[in-house]
Amino acid sequence: MISLSDVRKDYSDEVAIGPVDLQIPAGGVTALVGPNGAGKSTLLTMIGRLLGLDSGTIEIGGFDVVSTPSKDLAKIVSILRQENHFITRLTVRQLVGFGRFPHSKGRLNREDERIISEAIDFLGLSELETRYLDELSGGQRQRAYVAMVLAQDTEYVLLDEPLNNLDMKHSVLMMKQLRRAADELGKTVVLVIHDVNFAAAYSDRIVALRDGMLVHEGTPEEIMTEEILSGVFDTPVQVLDGPRGLLAVYY
Amino acid sequence: MLESVKRFSTTPASGPVRHSGPLPPGRARRKYFIILGILIVLAVGFGFGILAWDNPMPVGTDGFWRIAKMRGISIVVMLVVAFCQAIATVSFQTATENRIITPSIMGFEALYVAVQTSAVYFLGIAGLVAMQGNAQFVLQIAIMVGLSVLLYGWLLSGRYANLQVMLLIGIIIGGGLGSISTFMQRLLTPSEFDVLTAQMFGSISNADPEQLPIAIPLCLVAGILLWANAKRLNLLALGKDITMGLGVNHRRELMRVLLLVSVLMAVSTALVGPMTFLGFLVATLAYQFADTYDHRFIFPVAVLTGFVVLAGAYFVMKNIFYAQGVVSIIIELVGGTLFLIVILRKGRL
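Note that the coordinates shown come from a computational prediction; the quantities given were computed from them, not determined experimentally.

1. Description of the overall build of chain A
Counting its regular elements, chain A contains 10 helices and 12 strands. Taking 251 residues into account, the globule formula puts the C-alpha radius of gyration at 18 Å, and chain A, at 18 Å, falls close to it. Projected onto its principal axes, the C-alpha coordinates of chain A cover approximately 55 × 45 × 30 Å. Here chain A holds 251 residues, and the buried ones make up 46% of them. Partitioning the contacts of chain A with sequence separation of at least 6, the portion at a separation of at least 24 is 63%.

2. Some words on helix 3 (residues 62–95) of chain B
Residue and element names in this part refer to chain B. Taking 1.5 Å of rise per residue, the 34 residues of helix 3 would be expected to cover 50 Å, and the 48 Å separating its terminal C-alpha atoms lies within 8% of that figure. Its maximal kink placed at methionine 70, helix 3 deviates by approximately 35°. Looking at the residues trailing helix 3, positive phi occurs at glutamate 97, about 50°.

3. Section: the interface of chain A and chain B
Accessible area lost on assembly of the parts is the figure often given for the size of an interface. In this complex, chain A contributes 35 residues to the contact, which on the side of chain B involves 27 residues. Those elements that provide at least two residues to the side of chain A that touches chain B are helix 2 (70–73), strand 6 (77–80), helix 3 (92–98), helix 4 (101–104), helix 5 (110–122) and helix 7 (168–185) of chain A. Top element by residues in the side of chain A that touches chain B is helix 5 of chain A. It accounts for five residues. A breakdown of the residues in the side of chain A that touches chain B according to their chemical character gives 14 nonpolar, 12 polar and nine charged.

4. Re the pairing of strand 1 (residues 2–10) of chain A
All names here are of chain A. Relative to strand 2 (residues 16–24), strand 1 is paired through six bridges, and the arrangement is antiparallel. Looking across to strand 2, one finds that leucine 4 is bridged to leucine 22. Counted between consecutive antiparallel strands, the loop separating strand 1 from strand 2 contains five residues. Across five bridges, the pairing between strand 1 and strand 4 (residues 55–60) is antiparallel.

5. Focus: the sheet that holds strand 8 (residues 188–192) of chain A
Residue and element names in this part refer to chain A. On the basis of which strands lie adjacent, the open sheet formed by six strands has the order 6-7-8-3-9-10 and mixed pairing. Looking at strand neighbours, the two that pair on one side only are strand 6 and strand 10 (213–218), the edges of this open sheet. For this sheet the average axis-to-axis angle between neighbouring strands, irrespective of direction, equals 15°. Pairing geometry for strand 3 (residues 28–33) and strand 9 (residues 205–210), over four bridges, is parallel. By the bridge assignment, valine 33 is partnered in strand 9 with alanine 208.

6. Concerning the packing of helix 9 (residues 212–228) of chain B against helix 12 (residues 250–272) of chain B
All names here are of chain B. Packing of helix 9 against helix 12 leaves a shortest axis separation of 9 Å and a crossing angle of 150°. With respect to their mutual orientation, helix 9 and helix 12 come out roughly antiparallel. For the pair helix 9 and helix 12, the sense of crossing is left-handed. On helix 12, the residues that touch Ala215, Leu218, Cys219, Ala222, Gly223, Leu225 and Leu226 of helix 9 are Leu260, Val263, Leu264, Val267 and Leu271. Taken together, the residues of the contact of helix 9 with helix 12 sort by class into 11 nonpolar, one polar and no charged.

7. As for the sheet that holds strand 5 (residues 63–64) of chain A
Residues and elements named next belong to chain A. With antiparallel pairing, the four strands of this open sheet are ordered in space as 2-1-4-5. Edge strands, defined here as strands with exactly one partner in the open sheet, are strand 2 and strand 5. The strands touched by helix 1 (residues 40–47) are strand 1, strand 2 and strand 4; relative to strand 1, the strand with the most contacts, the crossing angle is about 120°.

8. Looking at the pairing of strand 9 of chain A
All names here are of chain A. As paired strands, strand 9 and strand 10 are joined by five bridges and run antiparallel to one another. Each residue of the ladder has a partner; that of alanine 208, found in strand 10, is histidine 216. Here strand 9 folds back onto strand 10, and the loop between the two strands holds two residues, one of which, aspartate 211, carries a positive phi near 50°.

9. What to know about the nonpolar core
Looking at soluble globular proteins, one finds that nonpolar side chains tend to be buried together. Membership of the largest hydrophobic core comes to 171 residues, with the highest contact counts inside it found for Ala147 of chain A together with Ile87, Leu264, Val267, Ala286, Ala302 and Leu310 of chain B. No other element matches helix 14 (residues 295–319) of chain B, which puts 15 residues into this core. Excluding residues within four positions of it along the chain, alanine 286 of chain B makes contact with Ala86, Val90, Ile298, Val301, Ala302 and Thr305 of chain B.

So, how was this worked out
- Residues numbered from 1 in each chain as written.
- Chains lettered and ligands numbered in written order.
- Predicted model: local features only at pLDDT ≥ 70, side-chain atom pairs only at ≥ 80, totals over all residues.
- Helix = DSSP H or I, 4+ residues; strand = E, 2+ residues; numbered from the N terminus.
- Rg over C-alpha atoms; globule rule 2.2 N^0.38 Å.
- Buried ≥ 20, exposed ≤ 12 C-beta atoms within 10 Å, placed from the backbone.
- Contact = placed C-beta atoms within 7 Å.
- Expected span 1.5 Å × (residues − 1).
- Bend = angle between axes of the 7 residues up to and from the residue.
- Nonpolar A, V, L, I, M, F, W, Y, C, P; charged D, E, K, R; others polar.
- Pairing = 2+ DSSP bridges.
- Axes fitted to C-alpha atoms, helices over the stretch in contact; angles between N-to-C directions.
- Parallel < 35°, antiparallel > 145°, perpendicular 65-115°, else oblique.
- Left-handed = near helix turned anticlockwise from the far one by under 90°.
- Core = buried A, V, L, I, M, F, W, Y, C linked by C-beta atoms within 7 Å.

Quick look at the structure:
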């Protein structure tokens, strides 16, 4: 379980995140939604201890993210941010291999190689594993990053906008693979997502943020109402009963 | 979904052995060791050439070795400089996640020039003599390392710790020191200026053999520490977020690398003077030659390339232009051309 209590991050007098109190249960997919500047990514990076908090506590599986040594946390939680740009030229497999660092400290043994292969196969990258990242399309590269995070083999997986730059097909594929990671591998997946319909279709819980505050949380059915969505996104939203569940229409 | 399920259920297509190491077995590994071999042959060749060319005594006699021994000093100096510049530049570029700027941006050379210039400015030509000696050598290194540690420590530990800001301030300090030096040089007499100019070119013959017993252990220790840190350097190249996400304290690693880099740069600069372009050239060529992310493989190629370039330049300057030691000029000319050819042929950094 991930639990946040009274978490704050202050940028200036007007701009602040929190205080946020939130419990994310272990297992399943949790989506953080909200308009631009709501603090979704900031909250996620604070959970992933890439960004310090100004007050409050965050615990992941009982470990406090501030006081637990970073190298121990790296075996419990993995995080992928949006922007990834490397100066070195890496093959897909080499990149995914870096995910094993917390376990192997850079010396890959046979067990590591097996897990790397599994992660690559899981994301359907087997045929691309010897290709260099700069030879891949945006969607393939995004999958390679996710494979690296899976190779880290942590119970908690945090992803900041994994659907960024992906087209329809690859967005759906990515969400299905994350869904499978939660269902088959038992991971707790927390992701920031922009499209509320994707969040509703593939996640177990939705957490809605606005202006740095948590405004709603619940199952997709609970959140997908015209009143809540219109309020969160500050734009008129109509919710229809679609062929595969509730559908928000906002254009 | 179909696509991924299909792939998931069938066995992977890429052969029986799936390997994640820095150099996959086969072509890449073979290429690496061939290049390493060529560099070793070239390094030994140039080394021997410097010892034996124009040596009036027949090879192997007592007299030959006596002359060779005197020339051997410059080979040792070149080894030290190649080692320092290559490892420092590669590590610095990795830690700062770029392939363009070099550690000189932290103002080492500007500081060296400023120290030399002010010695001549305040004490006349006698000042240069006063700058020689082991104590002064250690002092120069200490000042350079101290300045950079202050800068890193101050800029990287603040609330808005930011690498870009640190580099920018480094440039400004370097630029400021440079202008002060230029101003003082304007006021020198022509003869003083002439003597000073000789110091400003990176030159192997600037080095004082007496200083080698201090320089060698210092750079060996720094180099070995960076070598031992290679696995974490590989991580640093992936950026702050990934480094932290994989459980490594990014700021501490960065500080450690920058400190070791400053030791290497200070030793090299205090020994032979400004030699930045060599570092840049060697690092860039080494990335092309080694073609891997692993610093354990990049470092040896970089050091050997550095030595080959230096020794080649020294050999040419000494035996063709009779300008012993002034290697930085030819390195910039020939090395720059070579650099452009490699980059244009490969089309990427």
